[in-house]
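Report on the structure
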Amino acid sequence: CSLSFLADGFRLVGGKGAGEVFSNSAVFNNPVAGMLVGVLVTVLVQSSSTSTSIFITMVAAELLTVKQAHPLVMGTSHAMHSPVTPGNAQTQCAQQ
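In this text, all values refer to a predicted model and were calculated from it rather than measured experimentally.

**A short note on the packing of helix α3 (residues 31–45) against helix α4 (residues 48–60)**
At their nearest, the axes of α3 and α4 sit 8 Å apart, and the two run at 130° to each other. Taken together, the axes of α3 and α4 lie oblique to each other. Crossing of α3 over α4 shows right-handed handedness. Residue-level contacts link G38, V41, T42 and V45 of α3 to S48, T50, S51 and F55 of α4. Class assignment for the residues of the contact of α3 with α4 results in three nonpolar, five polar and no charged.

What follows is the structure, given as structure tokens:
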């Protein structure tokens, strides 16, 4: 399964230290801040599918809990319905 392959990669790269950082982080334990992180990541990668996949893989790798990932995934959905993401894409297309 590709999800387990990605989760193994996250575990290998992140290690136990990364899981402890995420679990003890005030940002990831605050739903509003977590949602804003989800929006920011989605705007940066310009893909809600990619950012959602990253968050879900982090849950599978046990770097995040489901409770912590829920606002992050909600933020990815809100980012795609905001004027920031399409506007950013238009700017990039206009520059080419």
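The rest of the description comes next.
**Focus on the confidence of the model for the chain**
Should the pLDDT be low somewhere, the predicted coordinates at that spot are not to be read in detail. Across the chain, pLDDT averages 74, with 57% of residues at or above 70. Per-residue pLDDT, averaged within each element of the chain, yields its smallest value for helix α6 (residues 84–95) (48) and its largest for α3 (88). The model gives residues 87–94 a pLDDT under 50, and that stretch makes three contacts with residues more than four places away or in other chains.

**So, unusual backbone geometry**
Positive phi values are uncommon outside glycine, yet Q46 reaches one of about 60°. Within the fold, Q46 resides in the loop between α3 and α4. Taking the relative accessible area as the measure of exposure, Q46 reaches 24% and is therefore partly exposed.

**A look at a nonpolar patch on the surface**
Taken together, the side chains of L40, L44 and V45 make up a nonpolar region of the molecular surface, amounting to roughly 300 Å² of accessible area. Using a relative accessible area of 64% as the deciding quantity, one classes L44 as exposed.

**A closer look at α4**
The first and last C-alpha atoms of α4 sit 18 Å apart over 13 residues, in line with the 18 Å expected at 1.5 Å per residue. Residues S51, F55, T57 and M58 constitute the buried set of α4. For α4, the angular spread of the buried residues around the axis is 160°, confining them to a single face. Remark: E62 follows α4 within two positions and exhibits a positive phi of approximately 60°.

How each quantity is defined
Residues numbered from 1 in each chain as written. Predicted model: local features only at pLDDT ≥ 70, side-chain atom pairs only at ≥ 80, totals over all residues. Heavy atoms only, no water. Axes fitted to C-alpha atoms, helices over the stretch in contact; angles between N-to-C directions. Helix = DSSP H or I, 4+ residues; strand = E, 2+ residues; numbered from the N terminus. Parallel < 35°, antiparallel > 145°, perpendicular 65-115°, else oblique. Left-handed = near helix turned anticlockwise from the far one by under 90°. Contact = heavy atoms within 4.5 Å. Nonpolar A, V, L, I, M, F, W, Y, C, P; charged D, E, K, R; others polar. pLDDT = per-residue confidence, 0-100. Buried < 20%, exposed > 50% of the residue type's maximum accessible area, 1.4 Å probe, protein only. Patch = residues over 30% accessible without salt bridge, like charges linked within 9 Å, V, L, I, M, F, W, Y side chains within 5 Å. Areas by Shrake-Rupley, 256 points an atom, 1.4 Å probe, with all protein chains shown as cover. Salt bridge = Lys/Arg side-chain N within 4 Å of Asp/Glu carboxyl O. Expected span 1.5 Å × (residues − 1). Arc of directions from axis to C-beta.

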